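Breakdown of the fold
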Amino acid sequence: MYGLKQDWALAPKKRHFVLEDYEGAVPRWCPGCGDLAVLTAVQRLARDEQLIPEKTAVISGIGCSSRFPHYMKTYGFHGLHGRCLPVACGVRSRRPDLHVFAITGDGDCTAIGAGHWIHAIRYNMKMTVLLFDNNIYGLTKMQTSPTTPKDHFSNTHPRGALLSPLRPLGVTVGITNASFVAQTIDWNPAHVYATIKRAFHHEGLSFVRILQRCPHYMSTNWDPLQQNPERLSLLKHPKGIVIDEPVARVFKNHVDHDPTDLGAAHYMADTLDTVPIGLLYLNENAERYDLNAAAGLGMSAEDKLEALNRELDRFET
Amino acid sequence: MYGLKQDWALAPKKRHFVLEDYEGAVPRWCPGCGDLAVLTAVQRLARDEQLIPEKTAVISGIGCSSRFPHYMKTYGFHGLHGRCLPVACGVRSRRPDLHVFAITGDGDCTAIGAGHWIHAIRYNMKMTVLLFDNNIYGLTKMQTSPTTPKDHFSNTHPRGALLSPLRPLGVTVGITNASFVAQTIDWNPAHVYATIKRAFHHEGLSFVRILQRCPHYMSTNWDPLQQNPERLSLLKHPKGIVIDEPVARVFKNHVDHDPTDLGAAHYMADTLDTVPIGLLYLNENAERYDLNAAAGLGMSAEDKLEALNRELDRFET
Amino acid sequence: MEDASSARGKTDKKVVSSSKPQSKTTDSGVKVVHQHVVEFVCDSGEGAQTAGQMFGSMSARAGNGVWTVEIIPAEIEPPHRSKAGASGNRIRVGTKEITNAGDEADIVIAFNEQVLYSRIDVGALRKGTIIFLESKWRDDPLETVRAEYLEAFEDFQKRGYDVRETPMEVECLRYIADPRRGKNMWALGMLCAIYCMGLEKAEMEITKKFKRKGQKVIDSNMKLIEAGYAWATKNVPDRFEIPVRPNPQQMVVMNGNTAVALGCMAAGMELCSMYPITPATSASHYLSGAFYRVGGFVHQAEDEIASIGFALGASFAGKTPVTITSGPGLSLMTEMLGLAVMTELPLVIVDVQRGGPSTGLPTKVEQGDLLAALYSAFGDAPKIVMAPATIEECLHFMVTARKLAETFRGPVMVLTDANLATGQTPFPRPVPTEEWLSPPLDQSPWPEGKPSYDWDHETGLSQRPIPGQRGGNYVLTGLAHDNNSKVAYESNTNLYAMRARSRKLHTLRKTLKPPKVYGADTGDLLIVGWGSTKGAIEEAVDRVRADGGKVSSTILRFLSPLEPGLGEIFAKFKKVMTIEINYSDDVDDKGIDAGGRRYAQLAMVLRAATLVDVDCWSDVPGSPLPPKTIENVIRRQLKM
Amino acid sequence: MEDASSARGKTDKKVVSSSKPQSKTTDSGVKVVHQHVVEFVCDSGEGAQTAGQMFGSMSARAGNGVWTVEIIPAEIEPPHRSKAGASGNRIRVGTKEITNAGDEADIVIAFNEQVLYSRIDVGALRKGTIIFLESKWRDDPLETVRAEYLEAFEDFQKRGYDVRETPMEVECLRYIADPRRGKNMWALGMLCAIYCMGLEKAEMEITKKFKRKGQKVIDSNMKLIEAGYAWATKNVPDRFEIPVRPNPQQMVVMNGNTAVALGCMAAGMELCSMYPITPATSASHYLSGAFYRVGGFVHQAEDEIASIGFALGASFAGKTPVTITSGPGLSLMTEMLGLAVMTELPLVIVDVQRGGPSTGLPTKVEQGDLLAALYSAFGDAPKIVMAPATIEECLHFMVTARKLAETFRGPVMVLTDANLATGQTPFPRPVPTEEWLSPPLDQSPWPEGKPSYDWDHETGLSQRPIPGQRGGNYVLTGLAHDNNSKVAYESNTNLYAMRARSRKLHTLRKTLKPPKVYGADTGDLLIVGWGSTKGAIEEAVDRVRADGGKVSSTILRFLSPLEPGLGEIFAKFKKVMTIEINYSDDVDDKGIDAGGRRYAQLAMVLRAATLVDVDCWSDVPGSPLPPKTIENVIRRQLKM
Ligand SMILES: Cc1ncc(C[n+]2csc(CCOP(=O)(O)OP(=O)(O)O)c2C)c(N)n1
Ligand SMILES: Cc1ncc(C[n+]2csc(CCOP(=O)(O)OP(=O)(O)O)c2C)c(N)n1
Ligand code: SF4
Ligand code: SF4
Ligand SMILES: [Mg+2]
Ligand SMILES: [Mg+2]
């Protein structure tokens, strides 16, 4: 069955998980914070996919969004600012049996974590990466992030941000060996869910940028998109994110876009004058570093000792 | 006159510089190392442009290529591995009167320096960045770099590199606010010179990737390109790198390419089946962070003290 | 976690109250006190911070000593009526200069009972603390709220607080429609009455504060203040007076981060290259705006490595920059810090210490970065490390730091902490002069033949060439180098350069005076401290000395090099101990063998430097040490 | 730089030669010696390293003690016939176990005279050293070369070396066309004759070495060896014999980096997450290949932060990893190291120390990272720090380190250095057992209700849940947390967790024994060392003791926690001093006031811990300290 994991097949499925099985501490985000919608989507996905909680690891950096693991009832790793992705890759490397989710913010991923971002995309290890892009540093109280709109005031740029925002999708698509790049909006729970689900099933690293509301520090940031849905373009393709008609109807522009077309993906990410929603880029043939990184797993102690002794032989006087 | 700098205009040009005025310590690269050709080109450029040596700052990271500043007779900064670009940006920030060259290697720039690479490209501060890409870690004696060809043996991958190489041009073109992205080959001195000259005159950050020979650790790496010039494509355009006909004739394929066309630039960087040589991307309207970073330069001490006192007024009890 | 409280004997159960009576009552029923602590607590957004700051500001302007500190919830929008949501201000007012946030509060104004619990948890209240408690919850439409309120009310009484139910909203509703946006002013009016402050002071303050918003706003706020004043006049029997001491000096009032920022500008530094981090960032916030006016630029880099890298680039180019960070950022700067030492690049690094290790307690105070500041960079990396002990010093030390960085050609670290960063107090207005500012860029030709590191054999000092100086061309390198900055692997060259860099610390040390001893020069106990604990330590010393205890204290401002004469000073006391806000193994802990005790950070440095058996008492409560805690430590030591 | 050599009184001008005669001559004219140092130097690519290693290997197989170390040029392809280009091998052979590279060379084989100067510069030669010098340069077609050669030749004689011009190429040309690819073997043959080694040994070695290349290669090499042997038999009068001691043990021979790598595998670690850096990388090079056979993976990350981050991810997931780096990499790992301490993630970090500060002397030895290892992470970050003192320990300590990391739930740092990393010596073949390997991943259900940090109050220890363990779910966080890993800002919780982490060091300390004293238990002087200086220190102690000097030594393996009993050990000596390869202010330097001296790193730690006036002698020559240097330090101390 679709979604059936090997370990379930081995241990006949006895446990059944409900939503509460994935609910950790009570979320302490601000009222109306977009993070909450995504948390709900991930919990629903876990329930629908019947993920074994102890086989699920949610890794994050530091930021409002990076508190996410605390609100899940799985294993979690709330690490250091900017370092979500190397840690997630490390978890994945020697534990291919775990489901890995990586939670990062626009500052966490595209500022201090930018180097890791490039390389994690390139490694393409199987995991679901959710970039919560609220265009601001939330946790540290409103400093400019690389994605903050130009001229927008913040505490570090009281006369407005100096540069046009970095476009995370454009950068990601440009990284060699990118395999799955999508965008969704926190205020459309159905689309969020469909996107994360598609991302979860991708065999490689799926990168999902979520346009996330931060009512506290960026209260009107996404208003133009919310109030004028025609500023969004829903990307449609059988290989893309497939959603129900009623959900799709909310979007005024529908664009046919083949996500396997790199040039078109670049166009969608950088040039399109509306905001693309859906799967921008997909390369199912991208190389997977995790398949290498698991090398030698499961070797028996006897074999190891034998091999070790053969190594020592090389150094005999 | 083209190339005339404001400070020359102020102090009537009395000094005339010859090549030796730019020659520092005797280069200690391996015989046949491509770095040497580039050094010569930069020294020639400095002579031809009559750069004032003390007004020129050459900044680097750590690696074989990063020894470059020692071989120039200008001011130099041979800093830390991966940190060439932030330092160069810092030099530029408060000294718009200096000519800044940044010298970096494939490891220095695209591995440990990857985060700074993204952001320096985005800041687009006026400077000439030369990426010496020999597809290997030279100084530390042959470890895989992000640009090492797949399956190529190195000391860290004795059974071959695990992933296809990162394409630095593709990534750079994908970075928001990139303004000048070019590629040249160290074994064509005329093209190297023309490229660096064009880069030097670009009003913003010019990023030049140099395919660099490392006879010591990658002896046959560029042989296919050297032996089959038809594997290269010379990009031609009036806004591009203009070279003399005899130089151009060396290249078998000539491709008309408008560097201001972002989509075409992506195509050249990532999809073209030959190796593009020349200017891939140009955006002369990109925002320049250095124009902001120089804020308040040259304020007099009196004005400063007056302003300071006005600040203190705000805190009076 | 039942064990937590008994982890060691540091909980101050046997608190001995200060011995001298601190107040007397006048004929008019006004109690004259020398200091009082007032707290305002509420849900965030209810304006207690504004009102508290205004109260502090009015007191300061009147000539009182004042220390205010914000009470900030850990979350950005915490739920209402919750412990986690406590937001507000603590204001300590006194006749003399006030140097710290004090002990338990004398008066608390609370807009709901739940937020009060967070203050109770941190020990901010004592038996007898007067609480003005918003009473509207008693009649809340929600049953649960009413129940919570009643339960808490009874609990407060049981705990011995002097609870005064106060109908704040009800009273305010007479004047305004939304009392949540006004009752802070009403409460401020009440305080004016209680502390015998004329309403003119409030009016001045209001006018200053709301000038830009127009007369209408001023008037409506005044109306509420007057109402609160009138209500208290009628309903509150207590009257306190905190006498003022005339102070002819013009004062400014600000927190330590603002003082650091102003100090940067007063030092003529024009570049602050930083990455946001709590609790350091507010310094850069202020600079970001102020530099538009004073000339300069804040570079918010992509990370801390880039921020210090960018700074070092600017420094190389001749402009001494500052970077302002906190523990995690400092960790990331380690490699670049080593480069700055090795290449002798001037740079000022401000580390606003917060609770560690790791992400720790990001908004709370600790003095846990001393050893990291001294030793984090591998190899021998001698650098200057200073610690301002007051908010005023936060400003002035920046001027010194820039100068030292340039004179001694290298990085200077300035350690402050969350306590200094967020505390506010008045101090004499500094008078910046041209000498404070960095000199203009030297672009004169470099003397022919002069090496780029022309180390003076005696002092280790040298002048540095700056790009643009003709003939000064050199290539700066983190590799071992000779005095011409040429890479050199010879053992003698390496040793000579190392010696020159080390020698600079000795040169500076020779210019330093021994630290002053507070109290007598000899005695039974010398408390050694550094940084923000100064005020509380000296207040504690005063109290114990007033009782005849032979205790003195000394505060170190230089941690590297150490100020001279410590051995001599220590020798005059029977016992020397540091008091610090960081971790040390408890001396009484049975599980630790004597030679293995892990000491507090300054203690460890002093033990190695002086071989004196310097003891320590330290704790990591995530809050400043109140004078009373220190007092008790001293009394225990003196067996008083 | 004229001042450099007089920077302090550390240059060993008044070298006192060791007192005991080290050799006797047999009837057959063979001089029997207990140890000899041989050097091979040439341009890189001329094969001296191969020949040198083979000589070492033959000696080891014969039963001699051997220490070999490579001579490596700083550049990758340095010019021929240049100081900078010196490449080769130093081989010290002895009757007993050889623990260090020794003093000046007894015999040097040099393929040109210029490379010899680089050895002279570092003090590798003494009056009387026998030099076999390729003579072909005398007749070089280039005038300049001939002149250089003649000048050097005369200079060498003036310096008192025993120069023997040797026609190596001329002789080789009889057998091969390109003598640059063969004269190393000819020279090896010469050594066989001089050291009375039968040619069978050489044949065995050649066969082993060139097995894969086929018999033809073996034969042509043997021909050259035989030729060299024959030539020396005729033309070289000197014969030496270094008696062997029968050693029934099976030995392995390798350098410290390989030992570390083998140790990782023997410990059952399956992930090495690293970023290349000199001089650490070769350990990972070996692992990269060996893991294909032994099961495991080397992750070459994009930088050091990612490498330790990746490692901690794997650790969280239950697989204790190793990362191997050097100073600059360690700096970048500082923040993550703090996280590992705070969250109690097992991890082994090997720091192969090189010359600092900053990029410093990247290929050279220093012991300059001790304080950084101990204190770089801000806040209180107690961790285990160990230092193997021999190449054998490099292997075994890795097994211990992995075990300690898991038992004590946190990072364990292992400090080696460039001296251990590149030195090669034989040691008894280890016998790995299943117990050495990490246990299989525990995936059994987590006991219900058991906290994720179930700190034992006495020991601080706790068991950790591993993803996959049902019911063990927790969220690891670098924020202050309670025993359920829940974020907690309460002061008691913070203190309790800090105490638990600190307590682990005490728990380990209780299991440690006091370090052994080498020499008598009491005396005039105790030398304390750590790491790679052990061999040279003990050899120096032996020499001085042989002359009646009352000196002993002790080597610390644990730097955190310190081994117990140091105070007691120190008390039995009149004076205690450390000898270290790092910077300290010279004790005799007039420019330094007493209280201000900056001590060597271990000395500073010991002073703080014991309050004993531990002196130090340290230097930063970029090379191992020869026993003679240490001997002289000791003699000066003892006024001998
Ligand atoms: C090394 C380090 N530098 C800085 C910080 C302070 N810091 C914490 S979160 C954050 C930025 C958060 O912004 P973002 O990643 O966009 O997440 P958000 O809060 O907006 O969800 C910063 C700068 C830190 N914790 N560690
Ligand atoms: C923090 C740090 N990590 C690692 C190193 C070691 N290191 C020096 S150069 C280098 C890589 C050099 O490769 P590249 O940048 O491609 O330059 P190249 O030598 O090939 O010109 C490395 C890993 C270092 N110096 N500092
Ligand atoms: S500050 Fe913004 S991002 Fe953070 S919790 Fe509040 S609304 Fe969400
Ligand atoms: S190793 Fe390669 S890159 Fe380095 S100097 Fe030699 S040839 Fe050039
Ligand atoms: Mg954000
Ligand atoms: Mg390279």
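This paragraph deals with the interface of chain D and chain C. Contacts between the two partners involve 84 residues from chain D and, on the opposite side, 84 residues from chain C. Surface buried jointly by chain D and chain C totals about 7600 Å² across both partners, of which 63% is contributed by carbon and sulfur atoms. Between chain D and chain C we count 8 salt bridges in total. The residue R509 of chain D makes a salt bridge to D593 of chain C at a minimum N-O spacing of 2.8 Å. At the boundary of chain D with chain C, the tally comes to 26 residue pairs in polar contact (both at pLDDT 80 or more). Secondary-structure elements contributing two or more residues to the side of chain D that touches chain C are α11 (327–332), α12 (334–343), α13 (370–375), α16 (491–511) and α19 (601–610) of chain D. By residue number, the principal contributor to the side of chain D that touches chain C is α16 of chain D, which donates 15 residues. Among the residues forming the side of chain D that touches chain C, the class breakdown is 36 nonpolar, 26 polar and 22 charged.

Residues and elements named next belong to chain A. In the first shell of the magnesium ion (ligand 5), the protein supplies D106 (OD), N134 (OD1) and I136 (O), at 1.9 to 2.2 Å from the metal. Within one chain, the residues serving as donors to the magnesium ion (ligand 5) are arranged as D-x27-N-x1-I. With D106 in helix α4 (residues 106–110) and I136 in strand β5 (residues 136–137), this residue pair connects regions lying 30 residues apart in the sequence. You'll find D106 and I136 in the same group, each marked buried.

What follows covers the coordination of the magnesium ion (ligand 6). All names here are of chain B. Taken together, D106 (OD), N134 (OD1) and I136 (O) make up the full set of protein donors to the magnesium ion (ligand 6), lying 1.9 to 2.2 Å away. One chain supplies every donor to the magnesium ion (ligand 6), and in sequence these donors are spaced D-x27-N-x1-I. Taken as a pair, D106 in helix α4 (residues 106–110) and N134 in the loop between β4 (127–133) and α6 (168–174) lie far apart in primary sequence, 28 residues in all. Here D106 falls in the buried class, since its relative accessible area comes to 2%.

This next bit is on the site of ligand 1. Neighbouring residues of ligand 1: 23 residues in total, closest C64, S65, D106 and D108 of chain A together with E304 of chain C. Chain contributions to the surroundings of ligand 1 come from chains A, C and D. Interatomic distance of 2.7 Å between a backbone N/O atom of C64 of chain A and an oxygen atom of ligand 1. A distance of 3.0 Å is found between an oxygen atom of ligand 1 and a backbone nitrogen or oxygen belonging to I136 of chain A.

Here we come to the sheet that holds strand β21 (residues 551–556) of chain D. Residue and element names in this part refer to chain D. Taken in spatial order, the 5 strands make up an open sheet running β19-β21-β20-β23-β24, and their pairing is mixed. One side of each edge strand has no neighbouring strand; the edge strands of this open sheet are β19 (517–518) and β24 (615–618). Pairing between strand β20 (residues 523–530) and β21: 6 bridges, direction parallel. Within the sheet, the bridge partner assigned to V528 lies in β21 and is T554. Where helix α17 (residues 534–546) meets the sheet, it contacts β19, β20, β21 and β23 (573–580), and its direction lies at approximately 165 degrees from that of β21. Contacts from helix α20 (residues 627–637) reach β20, β21, β23 and β24, with the element oriented near 155 degrees to β23.

The partner chain C presents 26 residues to the 28 residues of chain A that form the contact. Summing both sides of the interface, chain A and chain C together bury roughly 2100 Å²; the carbon and sulfur share of this comes to 57%. Looking at the side of chain A facing chain C, the largest losses of area belong to R28, T156 and R159 of chain A, adding up to 25% of the total buried there. Between E75 of chain C and R28 of chain A there is a salt bridge whose closest N-O contact spans 3.0 Å. Across the contact surface, chain A and chain C share 9 residue pairs in polar contact (both at pLDDT 80 or more). Considered class by class, the residues forming the side of chain A that touches chain C number 12 nonpolar, 11 polar and 5 charged.

Okay, the site of ligand 2 next. In the neighbourhood of ligand 2, 22 residues make up the surrounding shell, with C64, S65, D106 and D108 of chain B together with E304 of chain D lying closest. A distance of 3.0 Å is found between an oxygen atom of ligand 2 and a backbone nitrogen or oxygen belonging to I136 of chain B. In the environment of ligand 2, an oxygen atom lies 3.0 Å from a nitrogen or oxygen atom belonging to the backbone of L139 of chain B. When ligand 2 is considered free in solution it has 590 Å² of accessible area, and contact with the protein chains removes 98% of it. Listed by contribution, the elements that provide at least two residues to the shell around ligand 2 are α4 of chain B together with α11 of chain D. Along the lines of polarity and charge, the residues of the shell around ligand 2 split into 10 nonpolar, 8 polar and 4 charged.

Okay, the domain arrangement of chain C next. By convention, interface size is frequently given as the accessible area that disappears when the constituent parts associate. Split into domains, chain C comes out as domain 1 (2–249), domain 2 (252–426), domain 3 (446–511) and domain 4 (523–638). Measuring from the centre of the C-alpha atoms in domain 1 of chain C to the corresponding centre in domain 3 of chain C gives 58 Å.

Here Q300 of chain C lies in strand β12 (residues 297–300). Taking relative accessible area as the criterion, Q300 of chain C reaches 9% and is therefore assigned buried. Side-chain polar atoms of Q300 of chain C contact the backbone oxygen of T144 of chain A, separated by 2.6 Å. Within polar-contact distance, the side chain of Q300 of chain C engages the side chain of T156 of chain A at 2.6 Å.

A few words now on the confidence of the model for chain A. As a note on interpretation, predicted positions should not be read in detail where pLDDT is low. For chain A, mean pLDDT is 95; residues scoring 70 or higher make up 96% of the total. Note that residues 1–6 of chain A has pLDDT below 50 and, in this model, 5 contacts with residues that lie over four places away or in other chains.

On to the relation of the copies chain D and chain C, then. At an RMSD of 0.1 Å, chain D and chain C line up after a rotation of 180 degrees and a shift of 0.0 Å along the axis. These values place the two chain copies in the arrangement generated by a two-fold rotation axis. Here 100% of the interface residues in chain D have copies in chain C that are interface residues too; the copies meet face to matching face.

Rules and cut-offs
- Counting from 1, residues in each chain are numbered in the order their sequence is written.
- Labels are handed out in written order, letters beginning with A for the chains and numbers beginning with 1 for the ligands.
- Where local features are concerned, this predicted model is filtered to residues with pLDDT of at least 70; where side-chain atom pairs are given and counted, the filter is 80 or more; whole-chain, interface and lining totals use all residues.
- Values shown for side chains rest on all heavy atoms present in the structure; no hydrogens or waters enter the calculation.
- Contacts were defined at the residue level, with two residues in contact if any of their heavy atoms lie within 4.5 Å.
- Buried area: the sum, over both parts, of the accessible surface (1.4 Å probe) that disappears when the two are put together.
- For this analysis, a salt bridge means a side-chain nitrogen from Lys or Arg found within 4 Å of a carboxyl oxygen belonging to Asp or Glu.
- Here a polar contact is taken to be a pair of N or O atoms separated by no more than 3.5 Å, where protein atoms must pair a possible hydrogen donor with a possible acceptor and residues adjacent in sequence count only if both atoms sit in side chains.
- Put simply, DSSP marks the helices as runs of H or I at least four residues long and the strands as runs of E at least two long, and each gets a number from the N terminus on.
- Each residue gets one of three labels, nonpolar for Ala, Val, Leu, Ile, Met, Phe, Trp, Tyr, Cys and Pro, charged for Asp, Glu, Lys and Arg, and polar for the others, Gly among them.
- Water is not among the atoms examined, so metal sites may look incomplete; donors are the N, O and S atoms within 2.8 Å of the metal, or within 3.2 Å for Na, K and Ca.
- The cut-offs for exposure are 20% and 50% of the maximum accessible area for each residue type, with area from a 1.4 Å probe on protein chains only; residues under the lower value are buried, those over the upper are exposed, and the others partly exposed.
- To be near a molecule or strand, a residue needs just one of its heavy atoms within 4 Å of it.
- Two strands are said to pair when DSSP picks up at least two bridges between them.
- Between the N-to-C directions of two axes lies an angle of 0 to 180 degrees, each axis being a line fitted to C-alpha atoms and, for a helix, fitted only over the stretch in contact.
- Each accessible area is a Shrake-Rupley result for a 1.4 Å probe, and residues are judged covered by the shown protein chains and nothing else.
- Segment limits for the domains were obtained from an automatic or database-derived domain assignment.
- A score between 0 and 100, pLDDT records how confident the predictor is in each residue.
- Alignment of copies: least-squares fit on C-alpha atoms of residues with pLDDT of at least 70 in both copies.

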